[in-house]
Amino acid sequence: FVSQADQGIKPSFEKALEMLRSRWGLLILSTLILSLLFAAGVAAFVLPGIILMALYLFVPQLIISEPRLPMTAYFLRSTRLAKRARIATFGIVLVAIALSFLTQKIAGVVTFEPNGLFFLVSMLASMVISSFIYTWVAVLFLDLKRSYST
């Protein structure tokens, strides 16, 4: 839907699935690369991981909305966009991290101990929270991309 909105096309579920199918491999590869970079960054005293998360926040959106490019181009473009809105991108990453910890706390309070119910509550809370964060990222991405292209 982000790609369609970016192009001024009325969003369509069928078109979104078609786009996803054509970019599935790139999305999986970028997710693996991003996960390894974030893990390495977090292992190196946490702050580098948070910085990397902020810099590469827009890689998935770029893969979907841009023409096929080498993987490094998506990472470089994400870095350029993120640097244009440093506070917002860093804020999104910090809120996402805080909410992931909060989700675990909520699940613990509701269920009192780690068991099947804990994981169910945690999963449901994560799904709701991630929907809001993804929407926030998508709106910021579209705003930055429009201002960057003008």
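Everything numeric in this text was worked out from a predicted model, so none of it was measured.

Chemist: An account of the packing of aromatic side chains is requested, with residue identities and associated values reported.
Modeler: All chains considered together, the criterion is met by two aromatic pairs. Where Tyr56 meets Phe75, the ring centres are 4.9 Å apart and the plane angle is 75°; that geometry is what we call edge-to-face. Remark: Phe75 occurs in helix α5 (residues 71-84) and Tyr56 occurs in the loop between α3 (47-55) and α4 (59-65); sequence separation between them is 19 residues. For Tyr56, a relative accessible area of 17% gives the class buried. Pairing Phe58 with Phe141 gives two aromatic rings, centres 5.9 Å apart and planes at 35°, and the pair type is tilted.

Chemist: Tell me about the pattern of salt bridges, and name the residues and values.
Modeler: Under the counting rule described, the total for this entry stands at one salt bridge. Glu66 serves as the salt-bridge partner of Arg77, at 3.8 Å between the closest nitrogen and oxygen. Taken together, the positions of Arg77 in helix α5 and Glu66 in the loop between α4 and α5 put the pair 11 residues apart, joining distant regions of the chain. You'll find Arg77 and Glu66 in the same group, each marked buried.

Chemist: Report on the nonpolar core, specifying residues and quantitative values.
Modeler: Membership of the largest hydrophobic core comes to 29 residues, with the highest contact counts inside it found for Phe58, Val59, Ile63 and Tyr74. If you list the elements that add at least two residues to this core, you get α2 (13-43), α3, α4, α5, α6 (86-111) and α7 (116-149). It is α7 that provides the largest number of residues to this core, a total of seven residues. Here Tyr74 is in contact with Arg23, Leu26, Val59, Leu62, Ile63, Glu66, Pro67, Arg68 and Leu69, once residues within four sequence places are set aside.

Chemist: Give a detailed account of a nonpolar patch on the surface, specifying residues and quantitative values.
Modeler: Taken together, Leu117, Leu120, Met123, Leu124 and Met127 make up a surface patch of nonpolar side chains, about 470 Å² in accessible area. By relative accessible area, Leu124 is classed as partly exposed at 45%.

Chemist: Describe the packing of α2 against α5, and please don't skip the residues or the numbers.
Modeler: Between α2 and α5, the shortest axis-to-axis distance is 11 Å and the interhelical angle comes to 60°. In terms of orientation, α2 lies oblique with respect to α5. As for how α2 packs across α5, the hand of that crossing is right-handed. Between α2 and α5, the residues in contact are Arg23, Leu26, Leu29, Ser30, Ile33, Leu34 and Leu37 and Met71, Tyr74 and Phe75, respectively. Looking at the contact of α2 with α5 residue by residue, the classes come out as eight nonpolar, one polar and one charged.

Chemist: An account of the environment of Tyr134 is requested, with residue identities and associated values reported.
Modeler: Within the secondary structure, Tyr134 sits in helix α7. Sequence separation between Tyr134 and Ile92 is 42 residues; the distance between their C-alpha atoms is 9.6 Å.

Chemist: Give a description of the packing of α2 against α3 that names residues and reports values.
Modeler: When two helices pack together, their arrangement is given by the angle between the helix axes and the distance between those axes. In the contact formed by α2 and α3, the axes pass within 5 Å of each other and the chain directions differ by 150°. On the basis of their axis angle, the class for α2 and α3 is roughly antiparallel. Two secondary-structure elements touch here, α2 through Leu37, Phe38, Gly41 and Val42 and α3 through Pro48, Gly49, Leu52 and Met53. Here the residues of the contact of α2 with α3 are counted per class, giving six nonpolar, two polar and no charged.

Chemist: How would you explain α2 if you had to name every residue and give the values?
Modeler: Given a rise of 1.5 Å per residue, 31 residues ought to cover 45 Å, yet the end C-alpha atoms of α2 are separated by just 39 Å, more than 12% below that figure. Most pronounced at Arg23, the bend in α2 amounts to some 60°.

Definitions and cut-offs
- Here the residue index of a chain counts from 1 through its sequence in written order.
- The model is predicted, so local features are restricted to residues of pLDDT at least 70 and side-chain atom pairs to those at 80 or more, both for listing and for counting; the totals for chains, interfaces and linings are taken over all residues.
- As a rule here, side-chain values cover all heavy atoms of the structure and leave hydrogens and water aside.
- Each Phe, Tyr or Trp ring, with Trp reduced to its six-membered ring, pairs with another whose centre is within 6.5 Å; inter-plane angles below 30 degrees give stacked pairs, above 60 give edge-to-face pairs, and intermediate values give tilted ones.
- A run of H or I in DSSP becomes a helix once it reaches four residues, and a run of E becomes a strand once it reaches two; helices and strands are each numbered from the N terminus.
- Relative accessibility decides the category of a residue: with a 1.4 Å probe and only protein chains considered, values under 20% of the type maximum give buried, values over 50% give exposed, and everything between is partly exposed.
- Salt bridge, as used here: a side-chain nitrogen of Lys or Arg that lies within 4 Å of a carboxyl oxygen of Asp or Glu.
- Residues belong to one nonpolar core when they are buried, are Ala, Val, Leu, Ile, Met, Phe, Trp, Tyr or Cys, and are joined through side-chain atoms within 4.5 Å.
- Contact definition: two residues touch when any of their heavy atoms are within 4.5 Å.
- A patch is a set of surface residues, each over 30% in relative accessible area and not in a salt bridge, joined within 9 Å for like charges and within 5 Å for the nonpolar side chains Val, Leu, Ile, Met, Phe, Trp and Tyr.
- Where accessible areas are quoted, they stem from the Shrake-Rupley method and a 1.4 Å probe; at the residue level, only the protein chains shown are allowed to cover.
- Throughout, an axis means a line fitted to C-alpha atoms (over the contacting stretch in the case of helices), and angles, computed between N-to-C directions, take values from 0 to 180 degrees.
- Orientation labels follow simple angle bins: below 35 degrees gives roughly parallel, above 145 gives roughly antiparallel, 65 to 115 gives roughly perpendicular, and whatever is left gives oblique.
- We call a crossing left-handed when the near helix sits turned anticlockwise from the far one by less than a right angle, and right-handed when that turn is clockwise.
- Classification convention: Asp, Glu, Lys, Arg as charged; Ala, Val, Leu, Ile, Met, Phe, Trp, Tyr, Cys, Pro as nonpolar; all other residues, Gly among them, as polar.
- In this analysis, the expected span of each helix is defined as 1.5 Å times one less than the number of residues it contains.
- The term bend refers to the angle at a residue between two fitted axes, each drawn through seven residues, those ending there and those starting there.

Note that every value here comes from positions in space, so none of it alone points to a role or purpose.
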